[in-house]
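The primary structure of each chain is shown beneath.
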Amino acid sequence: MSPAHIIEGLDVDGISSQDVVVVGAGPAGLMLAANLVRFGIKTTVLDDRADKTSTGRADGLQPKSIETLKQMRLADSLLQRGVRIHDICFWSSNKDKHLQRTERTEHFPPMVDLLDPYILLVHQGMVEDVFLQDMQTRGVEVTRSSPFVKYRNHGSGIALDVFSRSSMTGKERLWQTKYLVGCDGAHSQVRKSIPEIKAEGSSSEAIWGVLDGVIETDFPDLWSKVVVYSEEAGNVLCIPRERNMTRLYIELRPESDAPMDKARANQEFVMERARQIMAPYSLSWKSVEWFGIYQIGQRVANRFTDEARRVFIAGDASHTHSPKAAQGMNTSMHDSFNLAWKLNLAVRGLAKPCLMETYEHERRKIAQDLINFDYEHANAFHDGDAKALARNFLTNVRFISGVGAEYGSNALNWTSEPSRGAKPGCLLPPARLTRYLDANPVDAQLDIPILGQFRTYFICKDVHRSKGFMESVCAHLSSQRSVLGRATTALEASYKDQAPAATESDSYIQPQRYVTASRVSTFCLVTSTSKANFEIADLPPVLQASKWTIYLDDVPSQDTRGQHCIDKWVGQVADDEVALLIVRPDGYVGAAKLWSSSEQSAAATSTWSDDYFGSFLIC
């Protein structure tokens, strides 16, 4: 982009230049900003609130979100402080029978292959805190009491003008930026500022109250996730929370044909309705930390970006739905996780337009999948049909966990090749491996931290029979003849000019271990060959430089399915074959193919890799 142009005739209280301006400091905005700051992207976060979230709001982290936070090395404090939900119970009553349990089941049954098969319950402010603290260690704070006002796009190559207004002084501030992302909620001002974008969908007349507090009750399943249906009084969803609290979502069903009057729905009214639904069990509150009223709505924006793909929306700004399936915060954060690494490449001048197009292509599909599920889920909940609710939950349990959020074919996801294991557009299944260098057993999908880079896995049974193939392919990928080699040179130069801030945590994470050979992609080897039968010095130079990502597939007994990683990821591999698996920075498989370890196949593999990276990288 050209240098910031002169702004004439504007009474603004300061002008700042940024790479990305993020509007909204909720989970979506902070997930985005935390990643961008880690990548070294100059980022400002604007928020209209004077302070961070302290109570209430979203409360559940699904397994995939837990995995992502582990990959970012940010999960520990939440895992220590949160409540883990492993089961779900269904209760019902009608005029002929008292309230009784009708079913108890695992929340995530074994059919879903998960490393963390539970929901982690923590309130939204605790999730925001881990991002805020991470950003603070890198010298970045949220600009608060500064609501977004408007933006102006002067055309290609010229910075966007983004205006915020101080709630304290009333003065506007100008931020000149390459990209703008609206993570500012269901009533997003950024979304409303983008021409021809609108939220499509509808709201139901159902009104719900929500209470977070410490409960005294003789109800036996208080520490499970519970769905309670009373034919006479309505529904309650009961969710255990941190610090001995419980969250209740209470349906405020009207007592006549007239719609429910929101004005009546104060805290005492909602408590009394909960008591009616839970009768004959007693229910009282020792304390209440948060109380709210909401109305269910399912909406998806018709677009997630402007025509120039310089202004984006994420999270509730792009989709809204009921909170009872614990999807809002999770889906919102993964919108941002998907966008962050793409913006990193775009800011650094390596992204073709089609790379930024994939954000809307991928995340709008997930939003629509979520709305379709949520519509059925909310209706079954409202109707009190426990069997339909359980059936809907079981049908969609992979999606609910996050691992079933799958993308279609595009420049990043080469789905045309037949797959016998990990599929392009899908997440890597969990697997256990032994790290060659220090003999540590590790979770394959967690061992390499999130640094914004791809992962290129060479997967083989026999290192020695595959050596010539790997030497040829690695030599090409590290040379200036290859797309990856040229992109590596360009990205190295960019990081030299604009490097991430060093932090104390880096001394523990040691990020340089994973970018020694390339900042575009970490190179990895997974093999069945025993440690006693080869040395790192036997490998091609690129893999020697990647010594921390050489793995042995020798601990199937520790796997979630008792399987070898190779079997899970690529299926059966002969001794004279090598699989190449390219994994995107967000953990999704981009491309996978099995090759014979011949000289001719090595040349074809090099071309295949060039075609993949060349489809979305400028180099």
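These numbers were taken from a predicted model, which means no experiment stands behind them. (Residues numbered from 1 in each chain as written. Predicted model: local features only at pLDDT ≥ 70, side-chain atom pairs only at ≥ 80, totals over all residues. Heavy atoms only, no water.)

## Let's talk about the sheet that holds strand β4 (residues 83-85)
The line we're drawing: Following DSSP output, two strands are said to pair if at least two bridges run between them. Each helix is a run of DSSP H or I of at least 4 residues and each strand a run of E of at least 2, with the numbering of both proceeding from the N terminus.
Spatially, three strands are ordered β3-β7-β4 in an open sheet, and the strand pairing comes out antiparallel. Every interior strand has two partners, whereas the edge strands, β3 (60-61) and β4, have only one.

## Some details on the UniProt feature "domain: Phenol hydroxylase-like C-terminal dimerisation" (unreviewed entry) in the protein
Test applied: UniProt positions are given in the numbering used here, feature names are shortened, and annotations may be inferred rather than shown by experiment.
Feature annotation in UniProt assigns "domain: Phenol hydroxylase-like C-terminal dimerisation" (unreviewed entry) to the following positions: residues 406-592. Secondary structure across residues 406-592 comprises 24% helix and 19% strand; the distance between its end C-alpha atoms is 16 Å.

## So, the domain arrangement of the protein
Filter applied, for reference: Those domain boundaries reflect an automatic or database domain assignment. Residue contacts are defined here by distance: any two heavy atoms, one from each residue, within 4.5 Å place the two residues in contact. Summed over both partners, the accessible area lost on bringing two parts together, with a 1.4 Å probe, is the buried area. Put simply, a salt bridge is a Lys or Arg side-chain nitrogen that is within 4 Å of an Asp or Glu carboxyl oxygen. By the criterion applied in these results, polar contacts are pairs of N or O atoms within 3.5 Å in which, for protein atoms, one can donate a hydrogen and the other can accept it, and in which residues neighboring in sequence qualify only through two side-chain atoms.
Looking at the assigned domains, one finds that the protein contains domain 1 (12-81 + 123-201 + 298-401) and domain 2 (426-615). Distance between the C-alpha centres of domain 1 and domain 2: 30 Å. Listed by partner, the interface residues are 26 residues for domain 1 and 28 residues for domain 2. Carbon and sulfur atoms make up 56% of the surface buried where domain 1 meets domain 2, a total of about 2300 Å² over both sides. At the boundary of domain 1 and domain 2, one finds one salt bridge. Residue R584 pairs with E362 through a salt bridge whose shortest N-O separation is 2.7 Å. There are 12 residue pairs in polar contact (both at pLDDT 80 or more) connecting domain 1 and domain 2. Sorting the residues of the side of domain 1 that touches domain 2 by element identifies α1 (27-39), α2 (63-71), α7 (328-347) and α8 (353-383) as the ones contributing at least two each. At six residues, the largest contribution of residues to the side of domain 1 that touches domain 2 is made by α7.

## So, unusual backbone geometry
The criterion, for reference: The rule is simple: take the accessible area with a 1.4 Å probe, protein chains only, and divide by the maximum for that residue type; under 20% is buried, over 50% is exposed, in between is partly exposed.
A cis amide bond links A279 with the next residue in sequence, P280, at an omega value of 15 degrees. Following the sequence through the fold, P280 ends up in the loop between α6 (267-278) and β15 (283-301). Within the chain, R309 stands out as a residue other than glycine whose phi angle is a positive 55 degrees. By secondary structure assignment, the location of R309 is in the loop between β15 and β16 (311-313). Using a relative accessible area of 25% as the deciding quantity, one classes R309 as partly exposed.

## A look at the pairing of strand β18 (residues 432-435)
Of the two faces of β18, the one holding R432 and T434 and the one holding L433 and R435 are both buried throughout. For β18 and strand β19 (residues 441-443), the ladder comprises three bridges, and the chain directions are antiparallel. Bridge assignment links R432 to a residue of β19, and that residue is D443. Linking β18 back to β19 in an antiparallel pair, the connection comprises five residues, with A439 at a positive phi of about 65 degrees. Pairing of β18 with strand β22 (residues 550-552), which is carried by two bridges, proceeds in the antiparallel orientation. Paired with R435 across the bridge in β22 is Y551.

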